[in-house]
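Residue-level listing of the chains:
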Amino acid sequence: MEGKRFSAAALTLGFCLFVVAARSAFGDVSYSFPEEMKRGSVIGNVAKDLGLDVNRLSARKARIDTEGNRKRYCDINVNTGELTVAERIDREALCEKKASCILTQELVLENPLELHKVLFIIGDVNDNSPRFETDLIDLEILESTAKGAVFLLDEAVDADIGQNSVQSYSLQTNQHFILNVKSNMDGGKYGELVLDKELDREQQQELTLTLTAVDGGTPPRSGTVVIHVTVLDANDNAPVFSQSVYKVSLPENSPLNTVVLTVSATDADEGVNGKVTYALGHVSKRVDELFSIDAHSGEVTVRSSIDFEEDTKIELKILAKDASGLKSYCKVIIEIIDVNDNAPVIVIKTLHSPVPENAAPGTEVGIINVQDRDSENNQKVHCSIQQSVPFKLVPSIKNYYSLVTTGELDRELVSDYNITITASDEGSPPLSSSKTLHLSVADVNDNPPVFEEQSYSAHVKENNKAGSSVCRVAARDPDWRQNGTVVYSLSPSDVSGAPVSSFVSINGDTGVLHAVRSFDYEQLKSFKVLVLARDNGSPPLSSNVSVSVWISDENDNSPQILYPSPEGHSFMTEMVPKAAQSGSLVSKVIAVDADSGQNAWLSYHMVKATEPGLFTIGEHSGEIRTQRDISESDHMKQNLVLSVRDNGQPSLSVTCTVYLLISDNLAELPELKDMSYEESSSKLTFYLIIALVSVSTFFLTFIIIVLAVRFCHRRKSRLLFDGAVAIPSAYLPPNYAEVEGAGTLRSSYNYDAYLTTGSRTSDFKFITSYSDRTLPADLTLKKTHASVEDLEGFDGAGHDSQVRCLLMNCVVIFSFSVKF
Ligand SMILES: *[C@@H]1O[C@H](CO)[C@@H](O)[C@H](O)[C@H]1NC(C)=O
Ligand SMILES: *[C@@H]1O[C@H](CO)[C@@H](O)[C@H](O)[C@H]1NC(C)=O
Ligand SMILES: *[C@@H]1O[C@H](CO)[C@@H](O)[C@H](O)[C@H]1NC(C)=O
């Protein structure tokens, strides 16, 4: 720097030297001359100046010597004694920035040797332009630099000194900078760039300015440098989205990673300041789960399945950010497009199950609601029933359908329905769903019990045990439970004047008919019972069937001999004329059998005879005939023991004795006593009267008691039952009940009379009613009858009516007791 300093004094001195060549008093001489004189230019006449003889110069070998290796800048013309420039003299090279530049040369003369110093005072010539150290000044200035900022510029250097050195700078005019020139301590001048107006990299990234340095020479010389200003980016720009609002549509259920859209934001800054990254800004957690954004590309992608039914429109805020955190936002509106992804849902709102089977067609049995979460056509739903069932769907308000019956229901045919309802929407492809609802049909008691057969007939052997089963009826009722539960009962009716319940009872559950009593074929050959079958519905339905009960005969009756009177009371004696010839009819045994058929097929046999071989009896006719002529030797009294046998299995028989008197004259019967029954008869009458009186008294007493009891118990005691339970009256002695019910004892005893065949006489007239005599000896009446029978043999209606009266009393009493 020292070289650059110019001393004002030195400059002034140099200038004077240039003009005046000074003479040295000591044999030295000095010349002032400017640098850069042409070779050969005359500096001065040294010989003259030194007072030397020009002519002797050559002889004295005058010459310029240099010390050592130094350059010889001048020559001497030995002819003229002039010093000429031998070498280019550059002050700057010799003295640099020294204020005075003195070049010393030596003039040597020989013979005698003389040494003179020749001083050259070299003056400065403006031969150097100001020069910058570099051609280019690179400045990097942050665009954010404030106005007034100062940037030091390199100083321009001018090798010249003094006025010839740099005196001023000038700057190419521009918008941003001005130049400030300053001097430094050693007088040098330098420039400063002052920012006059802020830079904006985004407008102008760089500036090129030319700085010119001018020196003070005449003419002035100048040097330039190019200042290259690079405007450095400051992050002064936020990213800017290409659109402030983006609108896109997206089908729901788009697969993951589907690109929804790409947002883009640009940042005018450069480098990291212009590097934009994207993020979702301020979204709910749920939306955040739905989308993701690529931080660098701005690609918004689907992150999880999007359901139109949840969001039809999603708004996203997207944030763009540069490196130093300047942000901006944009809005993305994503319209979700519905896809038919929801099958209709069938909801059964109400179902009236079970439906009574008598529901009229058109009855509403249920309400169905169909929902589809999709929209538009995807939401339009059609509902139908494909099966052939007597139901249909009637569209009602909005998505409601009523399920109504279209026809009659019959539980007995179809008791339940599985109705499949199918709903399909109008999407493409359509979705459908179906639902099966179970509808049961409730029973209504609409079927009466139906008997398996039109009518029943049963065959029972007489003398059956009371309680034995007769037959079984069965009726079916297809209704449900109690509506189809059949209960059997007997229709109350009379059989021969007696209630049918005294003959048979029926098990209400099983339909088995039981005999209540032992039947007697001889009294009753058949009867009809009406069996009712009733279900338990309410109201109940019933039907009836008739059961014919046929009683079959058993051989339970012995033959009865009507003639002659049996059991040894016969006092009838047949007269046999002595003159009776062989084969003549003597008598005839007349017997009957209450049974029928084979059981009443009688045969007559001779068991014992006083005179065997005299009489025979017709096996079938019962006619007693002589087998041979009667002889005198034959005993007058002949007794025949006869048996009458029926053809039953086993057969029953009775015996009787026939007294025959072989005589022509009745007076010849001394041994025949006329037995008197007067006494016993009157005795019997007496007993009967006593019995009648006592029975009547008892009866009256009983009536009184009964009335009293009845007064107390107003309610009838329920002894009679309907239906299945066996009727208590059934356990009464059958004959009593019979008598009470009918009072026609006689009429019930009609037999077929099996008359003996081949009878030649019409002596015997048979009335068809043999009731009193042939009443079967059975149960309690047996004894009474026996006594009646006894009585009848002797006396007529008197006793008979007494006995009847007595009987009636008993019966009345008994029936009263039954009734109460
Ligand atoms: C209805 O469905 C049920 C159960 O799925 C089944 O047990 C029944 O038999 C079905 N009824 C008819 C009438 O198909
Ligand atoms: C029987 O039928 C009646 C109507 O007649 C009905 O109310 C009742 O529920 C039916 N009973 C059953 C067990 O189905
Ligand atoms: C028996 O059934 C017939 C028709 O089936 C009916 O007319 C009659 O009244 C019924 N008899 C009784 C006693 O219920």
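This text goes with the structure placed above it.
Given the structure is predicted, the values throughout are model-derived calculations rather than measurements. (Residues numbered from 1 in each chain as written. Chains lettered and ligands numbered in written order. Predicted model: local features only at pLDDT ≥ 70, side-chain atom pairs only at ≥ 80, totals over all residues. Heavy atoms only, no water.)

A. The arrangement of the overall build of the protein in detail. The number of helices and strands found in the protein is 10 helices and 51 strands. Long-range pairs, those at least 24 residues apart, make up 68% of the contacts in the protein with a sequence separation of at least 6. On the protein, roughly 44,500 Å² of surface is accessible, and the fraction owed to carbon and sulfur atoms is 53%. (Helix = DSSP H or I, 4+ residues; strand = E, 2+ residues; numbered from the N terminus. Contact = heavy atoms within 4.5 Å. Areas by Shrake-Rupley, 256 points an atom, 1.4 Å probe, with all protein chains shown as cover.)

B. Local environment of the site of ligand 1. Taken together, the neighbourhood of ligand 1 is formed by Asp416, Asn418 and His438. Asparagine 418 is positioned with one of its side-chain polar atoms (N or O) 2.4 Å from an oxygen atom of ligand 1. (Near = heavy atom within 4 Å. Polar contact = N/O pair within 3.5 Å; in protein donor to acceptor, adjacent residues only side chain to side chain.)

C. A look at the nonpolar core. With 31 residues, the main nonpolar core has Tyr488, Phe527, Val531 and Val547 as its most contacted residues. Breaking this core down by element, the ones donating at least two residues are strand S33 (455–461), strand S34 (469–472), strand S36 (486–490), strand S39 (504–506), strand S40 (512–515), strand S41 (526–535) and strand S42 (542–552). Those residues in contact with valine 531, other than ones at most four positions away along the chain, are Phe451, Val473, Tyr488, Ser489, Leu490, Ile506, Ser543, Asn544, Val545 and Val547. (Core = buried A, V, L, I, M, F, W, Y, C linked by side-chain atoms within 4.5 Å. Buried < 20%, exposed > 50% of the residue type's maximum accessible area, 1.4 Å probe, protein only.)

D. Region of the structure containing the site of ligand 2. Lining the immediate environment of ligand 2, one finds Asp443, Val444, Asn445, Trp480, Arg481, Gln482 and Asn483. One of the backbone nitrogen or oxygen atoms of asparagine 445 is found 3.1 Å away from an oxygen atom of ligand 2. When the free accessible area of ligand 2 is taken as 360 Å², the share hidden by the protein chains comes to 60%. Of the residues assigned to the shell around ligand 2, the class counts are 2 nonpolar, 3 polar and 2 charged. (Nonpolar A, V, L, I, M, F, W, Y, C, P; charged D, E, K, R; others polar.)

E. Seen up close, unusual backbone geometry. At the junction of serine 353 and proline 354, the peptide bond is cis and its omega measures out at 5 degrees in the coordinates. Topologically, proline 354 is positioned in the loop between strand S24 (345–351) and strand S25 (355–356). With an omega of -10 degrees, the peptide bond between glutamine 649 and proline 650 qualifies as cis. Relative to the assigned elements, proline 650 resides in the loop between strand S50 (637–646) and strand S51 (653–662). Phi angles above zero are rare outside glycine, and glutamate 36 is one such case at about 65 degrees. Mapped onto the elements of the fold, glutamate 36 is located in the loop between strand S1 (29–34) and strand S2 (42–45). With relative accessibility at 28%, the residue glutamate 36 sits in the partly exposed group.

That is the geometry; function is a separate question.
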